[in-house]
Amino acid sequence: MSLNRSEQLLFDHLQAHKEERQHWQGKLQAESGKISDPHARAARLDAELRRYAAERATLRPGEFQLSPGQSLGKVSMRNLAELLLRLWGSSVAPRRPPAEN
């Protein structure tokens with residue numbers, strides 16, 4: 001999976017900071033049962049990751065530098081969201097159709 005520069009910065013940040021990584025792992029596992037549609041889960045996580053990245057950029061501007069003219073609010077975090085769901089999210093097993101007797 002290919003991550004854009006902003007996604008890679010955020011992923012590296014999560015990998016380097018154990019407490020942050022554990023927070024997101026717990027968050028993904030806790031919310032995995034709430035939304036069964038994987039596309040909806042990734043879209044929701046994309047929005048949360050963008051807010052988180054914007055917060056990190058405010059607190060640590062040297063660590064989260066974007067290209068000139070780029071805004072974190074406009075940068076997609078969808079690939080990172082899908083990657084984190086694969087790595088840390090509990091997968092929802094598809095329902096089997098009821099057996100006919």
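The preceding data block contains the structure.
Quick look at the structure, then. The numbers attached to residues start from 1 for each chain and follow its sequence in the written order. Owing to the predicted nature of the model, reporting of local features is limited to residues with pLDDT of at least 70; listing and counting of side-chain atom pairs is limited to 80 or more, with chain, interface and lining totals taken over all residues. Side-chain numbers here rest on the full set of heavy atoms in the structure, without hydrogens or water.

**Regarding the overall build of the protein**
Put simply, DSSP H or I for four residues or longer makes a helix, DSSP E for two residues or longer makes a strand, and each gets a number counted from the N terminus. In terms of helices and strands, the protein carries four helices and zero strands. Going residue by residue from the N terminus, the α and β elements of the protein occur as α-α-α-α. The buried label applies to any residue whose accessible area, calculated with a 1.4 Å probe on protein chains only, is under 20% of its type's maximum; exposed applies above 50%, and partly exposed to all values in between. In the protein, buried positions account for 33% of the 101 residues. Every residue pair with non-hydrogen atoms within 4.5 Å of one another is taken to be in contact. When contacts within the protein are restricted to residue pairs at least 6 apart in sequence, those whose partners lie at least 24 apart make up 79%. Here the Shrake-Rupley method, with its probe set to 1.4 Å, supplies the accessible areas, and only the displayed protein chains count as covering residues. Surface exposure of the protein reaches about 6,700 Å², of which carbon and sulfur atoms provide 49%.

**Overview of the side chain of Arg 21**
Along the polypeptide, Arg 21 turns up in helix α2 (residues 18-31). When charges are counted, Lys and Arg contribute as positive and Asp and Glu as negative, whereas His and the chain ends are disregarded. A carboxyl oxygen of Asp or Glu within 4 Å of a side-chain nitrogen of Lys or Arg is what we treat as a salt bridge. Among buried Asp, Glu, Lys and Arg side chains, Arg 21 stands out as unpaired, with Glu 19 the closest opposite charge at 8.1 Å. We define a polar contact as two N or O atoms separated by no more than 3.5 Å, with the added condition that, inside protein, one atom must be a possible hydrogen donor and the other a possible acceptor, whereas residues neighbouring each other in sequence contribute only through side-chain atom pairs. Of the polar contacts made by the side chain of Arg 21, one reaches the backbone oxygen of Leu 14; its length is 3.3 Å. In contact with Arg 21, other than residues within four places in its own chain, are Leu 14, Gln 15, Ala 16 and Trp 88.

**Describing the packing of α2 against helix α3 (residues 38-59)**
Put simply, α2 and α3 touch, their axes get as near as 13 Å, and they point 155 degrees apart. By the angle between their directions, the pair α2 and α3 is classed as roughly antiparallel. Viewed along their axes, α2 and α3 form a crossing whose handedness is right-handed. Where α2 abuts α3, its residues Glu 20, Trp 24, Lys 27, Leu 28 and Glu 31 lie against Arg 44, Leu 45, Glu 48, Leu 49 and Tyr 52. Only Asp, Glu, Lys and Arg are considered charged in this grouping, and only Ala, Val, Leu, Ile, Met, Phe, Trp, Tyr, Cys and Pro are considered nonpolar; every other residue, Gly among them, is considered polar. The residue makeup of the contact of α2 with α3, split by class, is five nonpolar, no polar and five charged. Structural elements are reduced to axes, namely lines fitted to C-alpha atoms, with helices fitted over the stretch in contact, and the angle between N-to-C directions of any two is expressed from 0 to 180 degrees. Here roughly perpendicular refers to angles of 65 to 115 degrees, roughly parallel to angles under 35, roughly antiparallel to angles over 145, and oblique to all remaining angles. Definitions for this section: a left-handed crossing has its near helix turned counterclockwise from the far helix by less than a right angle. A right-handed crossing has that turn clockwise.

**Quick look at the environment of Leu 3**
Here Leu 3 is to be found in the segment before α1 (5-16). Assessed through its relative accessible area of 17%, Leu 3 is described here as buried. Taking C-alpha positions, Leu 3 is 8.4 Å from Met 77, a pair spaced 74 residues apart along the chain. Discounting residues that sit within four places of it in the chain, Leu 3 has contacts with Gln 8, Phe 11, Asn 79, Leu 80 and Leu 83.

**Some words on the environment of Asn 79**
With respect to the secondary-structure elements, Asn 79 resides in helix α4 (residues 78-88). Residue Asn 79 is classed as partly exposed on the basis of its relative accessible area, which comes to 33%. Each C-alpha atom of the pair Asn 79 and Leu 3 lies 6.1 Å from the other, and the pair is 76 residues apart in sequence.

**Section: the nonpolar core**
Put simply, buried Ala, Val, Leu, Ile, Met, Phe, Trp, Tyr and Cys residues joined by side-chain atoms within 4.5 Å make one nonpolar core. Among the nonpolar cores identified, the biggest contains 20 residues, and Leu 10, Trp 24, Leu 45, Leu 49, Leu 80 and Leu 84 are the most heavily contacted of them. Those elements that place two or more of their residues in this core are α1, α2, α3 and α4.

**Examining the pattern of salt bridges**
Under the criterion given, the structure shown has five salt bridges. Among the salt bridges present, the one from Lys 27 reaches Glu 48, with a minimum N-O distance of 3.2 Å. Of the two residues, Lys 27 is situated in helix α2 and Glu 48 in helix α3; the sequence distance between them amounts to 21 residues. Its salt-bridge partner being Glu 82, residue Arg 78 comes within 3.1 Å of it at the nearest N-O pair. Highlighted residues: Arg 78 and Glu 82, both in helix α4, separated by four residues, approximately one helical turn. Its relative accessible area of 26% is what places Arg 78 among the partly exposed residues.

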